Amino acid sequence: MIAFNRYYNKFNILSVSLVIISLLLLTFKGLNFGIDFKGGTLIELRSSDTKINVSSLRDNLSQMNLGDVSVKNFGNETDYLIKFENNENKNVIEEIKKNLDKSFGNNFNFRRVENVGPKVSAELLRSGVIAISVALFLMLVYIWIRFEWQFSLGAIVALFHDVIVTLGLFSLLGLEINLSIIAAVLTIVGYSMNDTVVIFDRVRENLRKYSDIKIFELTNISINETLSRTLITSITTLLALLSIFFFGGEVLKGFSLAMIFGVIFGTYSSIYIANTVLVRLNVSQKTVLREDKN
Amino acid sequence: MLYFSKLRIIFITLISVFFVIIASSNLFKFDNKLLNKKINLGLDLQGGSYLLLEINNDPVIEQKLQNLTVTIRNYFKDKNIKTTNFKLLDQTLFFTSDENSKQAILDEFKSEESRINPYYQRFKSHQLDIIEENNSFKVSYSKQGIINLKTSSQDQALEIVRRRIDEIGTNEPNILKRGNDRILVELPGLDDPMRIKSLLGKTANLTFRFVTNDTEDSFGAEKLLFEDGSEEAIVSKRIILSGDNLLDAQPRMNSETNETVVNFSLDRVGAKRFGKATSTGIGKRLAIVLDGKIISAPVIRDTIATGSGQISGGFTFQSATDLALLLRSGALPAPLNIIEERTVGPDLGQDSINAGMLALLIGFILVILFILVKYKIFGIITNIALLLNLLILVGVLTLFEATLTLPGIAGIILTVGMAVDANVLIFERIKEELKNEKNNLIAFDSGYTKSRTAILDANITTLLAAIILFFMGSGPIKGFSLTLGIGIFTTLFTVYFIARLLTVLYVSKNKEKQGLI
């Protein structure tokens, strides 16, 4: 049996600091919102001319009065991602096409064009925030129906921890937040909950079985009993996600990365956050028996 | 938990076979109508354009209030009620009256039988709100009035958008209302939406009006620019003909001038008016105005009584074709703005399909190998269930002809990764039970029973997340929530019926064997 409970305090301190650092990052550095949430135009280009590079493209586009233009390689050498702030000019794509053809010859394939107006991006951001809030709320309701309040609190704390730290990591690394990241965050919410609930189920079962074991020991027993399941499921899920990350193409990179972070944090938090809340609230057999009577 | 009746086994087999056959119809062609279904590919996979259009209703509201000004003035004049100082500002109509007429005006506006202010019985609301203060009135659209106006302009705009898109002839366009002032257009397989965008961006409000030098024209006059921006002309506000009078418009080559023109023909009313205007206006210039810009302003040389004519204006064949198309499909009730556009080229779509399929294949193989190494014979059982899970999931998507997107493929891969969870929960539980229980059958039975709540809890949480995503998400993300959500049901089916059935068959043949799992 691994003595997970020996490190409860240390990891609690670590998690609290991670959450604080994440919140500071989110407040002061903020998130790198993509055009879905900030508005603007995105163009994915493929050039058939190897002489063209990022800086020549950037020089060319910067003469077009598009405001702040970002040009990056995307996936491979000949693919580029161009982004700029929202532009009132309706025919901007057409003009860029003409301008590039004039300067570099007809060597470009416009693989993807996205244009999100300021009104739509504000709505998308709002509905994203609502979706995550509703998800957190529904999880809270579900766990509150299924478990005693101490358990609900533990699960929710773990959930917030996972979401905040994942977003904090995105802020730290400057990774882009777009619609698919919202989907990833929601799936993380589901996954984190799922992982916590399985361990809690066992904690509750053990609480009913043993009256003489303190919660500090009991959580440790439960974690160990469910450990191989926790690890196997995390590993298979991570195998699937790593496969998406490496082979699923550029579009799914951010999504799978967020999910990979989320699964790792979710696994960690169900062991070290959710359970320590039970320990700190001094949950005992009485807690579950009282509920059973009702 | 270990007993399966014959009937149930047959039932499970039939369901599995049914969905596997349905799934295979994506690869083969079946003559049977039920079987010949295919998963729809989302715009991100097959390539195409997604456009969200917003109707700008402000000009409509202003126009309606402008018309209302005339109506109100005439209406009260007939009733000998004095109204003066009409002014239109910020979508509100202002006017004044005197102390004696005040109540009569208010009564007229607030009566349920009002002829100038329709009352919507169903919504218990008038079209217009009126506020009176010191004998001056403020009239504006009521909340319900605005909603009605928006709904009706959305209906009209939808119709016109549909006509314009149909005229271009793209594959299976999807044109839907969104809210009460938006229209969603999905154009699969279209890799260059430039032309459609420019066609949808035009209101196509066509008018024929005389050019006048006289700014004191009784109908008023305005200075308008020519299309090419070269000159401008003063044009009367009196409308001789409008686009509504057109029956048809076609691009033609004028053999005399060797110029591309647009030929049009008019309805009866239009032909009569056109004939009258051309007979009285010989020598004058008739401006053809489209969306506030003059296309051309030819001099009238002859009376045109045939009800057909020709517009020239230095067109290319493409621009003449587009103008004819716009005129045929009619004017939009209000300008449309494209507020969101997402276009994916067909080769990126194909790349995404390839990448998604590769990721699915590799993810699937990795998970299968891991489970095989971990659980040996039960790994084989889990993997058979996993493979069937995948096939049934694809079968369900095919049966409903659901739309598969790239995030949707990610949802399938994620389902593969998470689906083994339920079997893992069961097998780990059985292992624990076997520590205290020597009888394989009893241990397996209690393993299944005791793991049930955890499995249910674990799946419900994921399902909740998927449901929220389905209702909040758009397009591609909806595809993700769909596969993730359906995946939960197919997972539970394969775990509790297929994997369990195989487990039962194996265990009942090896009742006495030690260290079974």
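Residues numbered from 1 in each chain as written. Chains lettered and ligands numbered in written order. Predicted model: local features only at pLDDT ≥ 70, side-chain atom pairs only at ≥ 80, totals over all residues.

## Some remarks on the overall build of chain B
Worth spelling out the cut-off: A run of H or I in DSSP becomes a helix once it reaches four residues, and a run of E becomes a strand once it reaches two; helices and strands are each numbered from the N terminus. C-alpha atoms define the radius of gyration, and 2.2 Å times the number of residues to the power 0.38 defines the globule rule. The burial label depends on the number of other C-beta atoms within 10 Å of a residue's C-beta. Counts of 20 or more mean buried, 12 or fewer mean exposed, and intermediate counts mean partly exposed, with C-beta atoms placed from the backbone. Whether two residues are in contact depends on their C-beta atoms, placed from the backbone: they are in contact if these lie within 7 Å.
Within chain B, the regular secondary structure consists of 12 helices and 21 strands. What you see for chain B is a C-alpha radius of gyration of 35 Å, clearly larger than the 24 Å of a compact globule of 517 residues, by over 25%. Buried residues in chain B amount to 42% of all 517 residues. Taking as baseline every contact in chain B between residues at least 6 positions apart, the subset at least 24 positions apart corresponds to 69%.

## A word on the overall build of chain A
Of the regular secondary structure elements, chain A holds 11 helices and 6 strands. At 24 Å, chain A has a C-alpha radius of gyration far larger than the 19 Å of a compact globule built from 294 residues. If one aligns the C-alpha atoms of chain A with their principal axes, the spans along those axes are about 80 × 35 × 25 Å. Within the span of chain A, comprising 294 residues, buried residues form 48% of the whole. Taking the contacts inside chain A whose residues are at least 6 apart along the sequence as the reference set, 77% of them involve residues at least 24 apart.

## Quick notes on the interface of chain B and chain A
Rules: Charged residues are taken to be Asp, Glu, Lys and Arg, nonpolar residues to be Ala, Val, Leu, Ile, Met, Phe, Trp, Tyr, Cys and Pro, and polar residues to be all remaining types, Gly included. Any two strands between which DSSP finds at least two bridges are classified as paired.
Facing the 53 residues of chain B at the interface are 55 residues of chain A. Across the side of chain B that touches chain A, the residue classes tally to 32 nonpolar, 11 polar and 10 charged. Relative to strand 20 (residues 336–344) of chain B, strand 5 (residues 108–116) of chain A is paired through 5 bridges, and the arrangement is antiparallel. Looking at strand 20 of chain B, one finds that Val 116 of chain A is bridged to Glu 340 of chain B.

## Digging into the domain arrangement of chain B
Using the following cut-off: Where a domain begins and ends is set by an automatic assignment or by a domain database.
Split into domains, chain B comes out as domain 1 (6–42 + 347–509), domain 2 (58–146) and domain 3 (206–337). The centre of domain 2 of chain B, based on its C-alpha atoms, is set 35 Å off from the matching centre of domain 3 of chain B.

## Quick word on the nonpolar core
Note the following rule: What we call a nonpolar core is a set of buried Ala, Val, Leu, Ile, Met, Phe, Trp, Tyr and Cys residues whose membership is set by joining through C-beta atoms within 7 Å.
Counting 187 residues, the largest nonpolar core has Ala 155, Val 185, Leu 186 and Val 189 of chain A together with Ile 413 and Leu 469 of chain B as the members making the most contacts within it. In terms of residue count, the dominant contributor to this core is helix 9 (residues 346–399) of chain B (20 residues). Filtering out sequence-adjacent residues up to four positions away, Val 185 of chain A remains in contact with Ile 132, Val 163, Thr 166 and Ala 258 of chain A. Counting 15 residues, the second largest nonpolar core, distinct from the first, contains Ile 52, Val 71, Leu 100 and Phe 108 of chain A.

## Topic: the domain arrangement of chain A
If you check the domain split of chain A, you get domain 1 (4–34 + 120–293) and domain 2 (40–116). One C-alpha centre belongs to domain 1 of chain A, the other to domain 2 of chain A, and the line joining them spans 40 Å.

## What about helix 9 (residues 253–272) of chain A?
Short version of the rule: The span expected for a helix works out to 1.5 Å for each residue beyond the first.
End to end, helix 9 of chain A covers 28 Å across 20 residues, agreeing with the expected 28 Å (1.5 Å per residue, within 8%). The buried fraction of helix 9 of chain A amounts to 16 of the 20 residues, a majority that puts the element mostly inside the structure.

## Notes on the packing of helix 1 (residues 6–24) of chain B against helix 12 (residues 475–509) of chain B
Residues and elements named next belong to chain B. Quick reminder of the rule: For every element, the axis is a line fit to its C-alpha atoms; helices are fit only across the contacting stretch, and the angle between N-to-C directions ranges from 0 to 180 degrees. Roughly parallel means an angle under 35 degrees; roughly antiparallel, over 145; roughly perpendicular, 65 to 115; everything else is oblique. Crossing handedness: left-handed means the near helix sits turned counterclockwise from the far one by under a right angle, and right-handed means the same turn made clockwise.
Contact geometry of helix 1 with helix 12 gives a least axis separation of 11 Å together with a crossing angle of 120 degrees. By the angle between their directions, the pair helix 1 and helix 12 is classed as oblique. Of the two elements, helix 1 crosses helix 12, and the hand of that crossing is left-handed. Seen from helix 1, the contacting residues are Ile 9, Ile 12 and Ser 16; seen from helix 12, they are Phe 497, Ile 498 and Leu 501.

## Examining the confidence of the model for chain A
Should pLDDT be low for a region, the predicted coordinates there are not to be read in detail. Test applied: pLDDT is a per-residue confidence score from the predictor, ranging from 0 to 100.
Averaged over chain A, the pLDDT score is 90; the fraction of residues at 70 or greater is 97%. Helix 1 (residues 8–29) of chain A holds the highest mean pLDDT among the elements of chain A, 96, whereas helix 11 (residues 285–293) of chain A holds the lowest, 73.

## Observations concerning the environment of Glu 132 of chain B
Residues and elements named next belong to chain B. Structurally, the position occupied by Glu 132 is in strand 7 (residues 128–133). The exposure class assigned to Glu 132 is partly exposed, which follows from the 16 C-beta atoms found within 10 Å. Distance from Glu 132 to Lys 102, taken between C-alpha atoms, is 8.3 Å for residues 30 residues apart in sequence. Apart from the residues within four sequence positions on either side, Glu 132 is in contact with Lys 102, Leu 106 and Phe 137.

## Observations concerning the sheet that holds strand 4 (residues 92–96) of chain B
Residue and element names in this part refer to chain B. If you walk across this open sheet you meet the 4 strands as 3-4-8-7, and the pairing is antiparallel. Each edge of the open sheet carries a strand with a single partner, namely strand 3 (84–89) and strand 7. Averaged over neighbouring strand pairs, the angle between their axes works out to 20 degrees when direction is ignored. Note: strand 7 against strand 8 (residues 136–141), 6 bridges, orientation antiparallel. Pairing of Leu 128 across the sheet is with Tyr 141, part of strand 8. Relative to the sheet, helix 3 (residues 58–78) contacts strand 3, strand 4 and strand 8, its axis offset from that of strand 3 by approximately 170 degrees.

## Side note on the sheet that holds strand 19 (residues 308–315) of chain B
Residues and elements named next belong to chain B. Pairing within the open sheet is antiparallel, and its 3 strands lie in the order 15-16-19. With one partner strand each, in any of the chains shown, strand 15 (246–254) and strand 19 form the two edges of the open sheet. The sheet shows a mean angle of 25 degrees between the axes of neighbouring strands, direction not considered. With 8 bridges joining them, strand 15 and strand 16 (residues 259–266) adopt antiparallel strand pairing.

## Points about the packing of helix 6 (residues 149–173) of chain A against helix 7 (residues 179–209) of chain A
All names here are of chain A. Two numbers describe how helix 6 lies on helix 7: the axes approach to 9 Å, and their chain directions differ by 145 degrees. The hand of the helix 6/helix 7 crossing is right-handed. On the side of helix 6, the interface is formed by Phe 151, Ala 155, Ala 158, Leu 159, Asp 162, Val 163 and Thr 166, while helix 7 contributes Val 185, Ile 188, Val 189, Ser 192, Met 193, Thr 196, Val 197 and Phe 200. Residues that form the contact of helix 6 with helix 7 fall into these classes: 11 nonpolar, 3 polar and 1 charged.

## A word on unusual backbone geometry
With phi around 50 degrees, Asn 282 of chain A is a residue other than glycine that occupies positive phi space. Tracing the backbone through its elements, the reader meets Asn 282 of chain A in the loop between helix 10 (274–280) and helix 11. With a phi angle near 50 degrees, Asn 134 of chain B is a residue other than glycine that sits in the positive phi range. Locating Asn 134 of chain B in the fold gives a position in the loop between strand 7 and strand 8.

## Quick word on the environment of Ile 300 of chain B
Residue and element names in this part refer to chain B. For Ile 300, the location among the structural elements is in the loop between strand 18 (293–296) and strand 19. By C-beta crowding, Ile 300 is classed as partly exposed, having 17 other C-beta atoms within 10 Å. Here the alpha-carbon distance between Ile 300 and Thr 280, two residues 20 residues apart in the chain, equals 9.7 Å. With sequence-adjacent residues up to four places away left out, Ile 300 is seen in contact with Thr 278, Gly 281, Ile 282, Gly 283, Lys 284 and Leu 286.

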